[in-house]
Amino acid sequence: MTDKIDKEPADTPPQASLPPETIKAIPVRHYGRYVSAVIVLALVALLVNAFATAEKIQWSAVGDKLFDSTVLAGAGRTLLISVLAMIVGVVLGVVLAVMRLSKNPVTSWVAWFYIWFFRGTPVYVQLLLWFNLALIFPMLNLGPIYKDEMTDVMTPFMCALLGLGLNEAAYMAEICRAGLMAVDEGQTEAAHALGMSHGKTLSRIVIPQAMRVIVPPTGNEFINMLKTSSLVYAVTYNELLRATSTIGSTSYAVMEMLFVASIWYLVMTSVFSVFQYYLERRFARGSSRSLPPTPWQKIRVNLMAFSRERGV
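Report on the accompanying structure. Small disclaimer: the values here were computed from a predicted structure and weren't measured.

## Examining helix 9 (residues 198-228)
- With 31 residues, helix 9 should cover 45 Å at 1.5 Å per step; its first-to-last C-alpha distance of 36 Å lies more than 12% under that length.
- The largest bend in helix 9 is about 45°, located at methionine 211.
- Measuring from the side-chain oxygen of the N-cap residue of helix 9 to the backbone nitrogen of lysine 200 gives 3.3 Å; that N-cap residue is serine 197.

## What about the layout of surface pockets?
- Its boundaries defined by the atoms lining it, the largest pocket holds a volume of some 550 Å³.
- Lining the largest pocket are 16 residues, with Leu101, Leu180, Thr188, His198 and Leu202 sitting closest to its centre.
- Those elements that provide at least two residues to the lining of the largest pocket are helix 3 (69-101), helix 7 (156-182), helix 8 (185-193) and helix 9.
- Class assignment of the residues belonging to the lining of the largest pocket gives a composition of 7 nonpolar, 5 polar and 4 charged.
- Taken together, 20 residues line the second largest pocket, and the ones lying closest to its centre are Met86, Val90, Thr218, Gly219 and Leu279.
- Taken together, the elements giving at least two residues each to the lining of the second largest pocket come down to helix 3, helix 7, helix 9 and helix 11 (254-283).

## Details of the nonpolar core
- If you look at the biggest cluster of nonpolar residues, it comprises 43 residues, and the most contacted ones within it are Val71, Leu164, Val232, Leu240 and Val260.
- Counting only elements with at least two residues in this core, the list comes to helix 3, helix 5 (123-131), helix 6 (150-153), helix 7, helix 9, helix 10 (240-251) and helix 11.
- Considering each element in turn, this core owes the most residues, 8 residues, to helix 7.
- The contacts of leucine 164, once residues within four sequence positions are left out, are Ile81, Ala85, Val123, Leu127, Met225, Thr228, Ser229 and Val232.
- Leu96, Phe118, Leu166 and Ala173 belong to the second largest nonpolar core, which has 9 residues in total.

## With respect to the side chain of serine 230
- Residue placement: serine 230 occurs in the loop between helix 9 and helix 10.
- Judged by relative accessible area, which is 19%, serine 230 ranks as buried.
- Among the polar contacts listed, one links the side chain of serine 230 to the backbone oxygen of lysine 227, at a separation of 2.8 Å.
- Discounting chain neighbours no more than four positions away, the residues touching serine 230 are Glu239, Leu241 and Tyr265.

## What to know about the packing of helix 3 against helix 9
- Packing of helix 3 against helix 9 brings their axes to within 11 Å, and their N-to-C directions diverge by 145°. Crossing of helix 3 over helix 9 shows right-handed handedness. Of the residues in helix 9, those in contact with Thr78, Leu79, Ser82, Val83, Ala85, Met86, Val90 and Val98 of helix 3 are Leu202, Thr218, Glu221, Phe222, Met225 and Leu226.
- Its residues placed into classes, the contact of helix 3 with helix 9 shows 10 nonpolar, 3 polar and 1 charged.

The rules behind these values
- Residues numbered from 1 in each chain as written.
- Predicted model: local features only at pLDDT ≥ 70, side-chain atom pairs only at ≥ 80, totals over all residues.
- Heavy atoms only, no water.
- Helix = DSSP H or I, 4+ residues; strand = E, 2+ residues; numbered from the N terminus.
- Expected span 1.5 Å × (residues − 1).
- Bend = angle between axes of the 7 residues up to and from the residue.
- Polar contact = N/O pair within 3.5 Å; in protein donor to acceptor, adjacent residues only side chain to side chain.
- 1 Å grid on protein atoms, 1.4 Å probe; cavity = no way out; pocket = protein on both sides within 12 Å on 5 of 7 lines; lining within 4 Å.
- Points joined across faces, edges and corners; volume = space filled by probe spheres on them.
- Nonpolar A, V, L, I, M, F, W, Y, C, P; charged D, E, K, R; others polar.
- Core = buried A, V, L, I, M, F, W, Y, C linked by side-chain atoms within 4.5 Å.
- Buried < 20%, exposed > 50% of the residue type's maximum accessible area, 1.4 Å probe, protein only.
- Contact = heavy atoms within 4.5 Å.
- Axes fitted to C-alpha atoms, helices over the stretch in contact; angles between N-to-C directions.
- Left-handed = near helix turned anticlockwise from the far one by under 90°.

Next up, the structure:
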């Protein structure tokens with residue numbers, strides 16, 4: 001027998017005695033991001049400079065009229081009509097969604113026709129229809145309950161409330177219907193097997209689970225309602241846009257007052273956007289293992305990542 005030949009040199013040290021090399025991480029440079037950021041910032045700077053150096057715009061008037069009593073009253077009316085119209089839209093939307101899902105063909109088709117009509121016609125047209133309703137019905141006669149002329153009933157506030165609220169109900173009906181259909185049918189079958197009625201099953205089992213789907217688009221609809229409320233200018237309701245336009249027409253500061261209205265719209269939509277975010281975060285607790293980070297948590301993570309990159 002021949003002995004096995006050891007092919008490794010005798011003077012080769014064992015591999016276990018070699019220390020591991022230190023890995024040096026080199027971050028990837030994203031030069032395209034830097035170039036695009038510089039271009040965007042340059043365009044924004046040019047736009048800001050164009051507005052700041054405009055000779056016909058008196059920026060001092062914007063600051064003077066921003067907290068004017070007439071403007072604040074108009075902003076309050078905008079918020080009031082938006083909240084009330086949204087309440088009407090949500091309540092009626094839930095009813096229409098239940099009617100649409102009903103096995104009764106009459107209620108289902110009535111709900112479908114309502115949604116078809118109010119989603120198919122512009123809000124501006126609907127507001128004008130309510131404003132001119134006295135041309136068709138000169139009197140509102142409810143028998144012994146109430147009787148008055150339609151011109152006295154259809155005030156600018158009532159026209160704005162009906163025009164915005166009934167139109168919003170059509171969209172909320174579809175949102176609520178999607179939320180109700182998102183709940184598994186087994187939940188309803190289990191509730192019925194336990195002896196729960198249809199109404200109790202809907203209120204205690206189906207709707208609480210559907211809220212996770214209904215809340216996010218509802219928040220978007222309310223923010224959109226704040227902006228859509230400017231259309232009630234057509235029915236002479238003295239909301240934010242009409243209040244600022246009136247001041248602008250008398251003081252010849254038309255553009256300045258439009259800036260004032262825009263600032264207040266941005267403030268209101270921003271506040272309710274934050275509220276919507278935390279409301280969505282609350283309803284996401286039962287569906288996701290980890291909640292989405294808050295805006296402050298996102299800022300802190302980005303700052304930490306930036307500091308680490310600069311350190312490297």
